Amino acid sequence: MKTKTPLVAVRIALASLLGAAVAAPALADTESASFNVGMEVVATCSINAFDMNFNTITTGTTSQNDAESQITVNCSNGAPYSVALNDGSNFQGGRRLASNGAFIGYGIFRDVSRSTTWDSTSVLSGVGTGNDQALPVYGRIPSGQLVPEMGNYADTVVATISY
């Protein structure tokens, strides 16, 4: 009488043969290689500007009128920066406040004595600390200008930080 081999025994035998055929060969030696991991960290800066408002004046001839404002910068610690101011949206021979076709000339300065102009070519430079740094802005409307029109006079100046 013939005996049948149980199906489980056949499966185990086939699995053993298959495992032996796929098994990793024995390793005789190893080699290694290294690689670098890194990244570059670059400086960053932010800038915020606050409105400058001159005192109210009456029509007629202007007297000297001074105002102050502030620009706040925050740059990475040790990052050099410079802040430039454009000429404003009403520039013609100088910065001007405008209202309905009438103009009043004014200047923006980097120092309280209002002797150092602040514009796109005369910039204010500094080095970041990683914290907010307040940069004072000084304005002056010189005396002797004829102001025939009432109104709200305005200009828009853009402050740009380069780093």
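Above: the structure in question.
Residues numbered from 1 in each chain as written. Predicted model: local features only at pLDDT ≥ 70, side-chain atom pairs only at ≥ 80, totals over all residues. Heavy atoms only, no water.

S.K.: Please clarify how the environment of Arg140 should be interpreted in this entry.
M.R.: Along the chain, Arg140 turns up in strand β9 (residues 132-141). Along the chain, Arg140 and Ile108 lie 32 residues apart, while their C-alpha atoms are 6.6 Å from each other. Of note is the side chain of Arg140, whose polar atom sits 2.7 Å from the side chain of Asp66. (Helix = DSSP H or I, 4+ residues; strand = E, 2+ residues; numbered from the N terminus. Polar contact = N/O pair within 3.5 Å; in protein donor to acceptor, adjacent residues only side chain to side chain.)

S.K.: Explain the sheet that holds strand β11 (residues 159-162) to me, please; I cannot follow it from the model alone.
M.R.: To summarise the sheet geometry, strands pair through backbone hydrogen bonds and adopt either a parallel or an antiparallel arrangement. Spatially, the three strands line up as an open sheet ordered β8-β4-β11, and their pairing is antiparallel. Edge strands, defined here as strands with exactly one partner in the open sheet, are β8 (124-127) and β11. Going across the sheet, the axis of each strand differs from the next one's by a mean of 25°, ignoring polarity. By the bridge criterion, four bridges tie strand β4 (residues 80-85) to β8 in an arrangement that is antiparallel. Within β8, the position partnered with Pro80 by the bridge is Val127. (Pairing = 2+ DSSP bridges. Axes fitted to C-alpha atoms, helices over the stretch in contact; angles between N-to-C directions.)

S.K.: Quick question: what am I supposed to make of the side chain of Thr62 here?
M.R.: Summarising the element assignment, Thr62 is placed in the loop between β2 (60-61) and β3 (65-75). One polar contact links the side chain of Thr62 to the main-chain carbonyl oxygen of Pro142, over a distance of 3.0 Å. With sequence-adjacent residues up to four places away left out, Thr62 is seen in contact with Ile57, Ile141, Pro142, Ser143, Gly144, Gln145 and Val147. (Contact = heavy atoms within 4.5 Å.)

S.K.: Is there a simple way to think about the packing of aromatic side chains in this case?
M.R.: Here the distance between the centres and the angle between the planes together describe a pair of aromatic rings. Scanning the model with the defined rule gives one aromatic pair in all. With a centroid separation of 6.2 Å and an interplanar angle of 65°, the aromatic rings of Phe54 and Tyr106 are classed as edge-to-face. Of this pair, Phe54 sits in the loop between β1 (45-49) and β2 while Tyr106 is found in the loop between β6 (102-105) and β7 (107-109), placing the two residues 52 residues apart along the sequence. The exposure class of Tyr106 is buried, given its relative accessible area of 10%. Positioned above the aromatic ring of Phe103 is the side chain of Arg96, whose terminal nitrogen or guanidinium carbon lies 3.5 Å from the ring centre. (Phe/Tyr/Trp six-rings, centres within 6.5 Å; stacked < 30°, edge-to-face > 60°. Buried < 20%, exposed > 50% of the residue type's maximum accessible area, 1.4 Å probe, protein only. Lys NZ or Arg CZ within 6 Å of the ring centre and 35° of its normal.)

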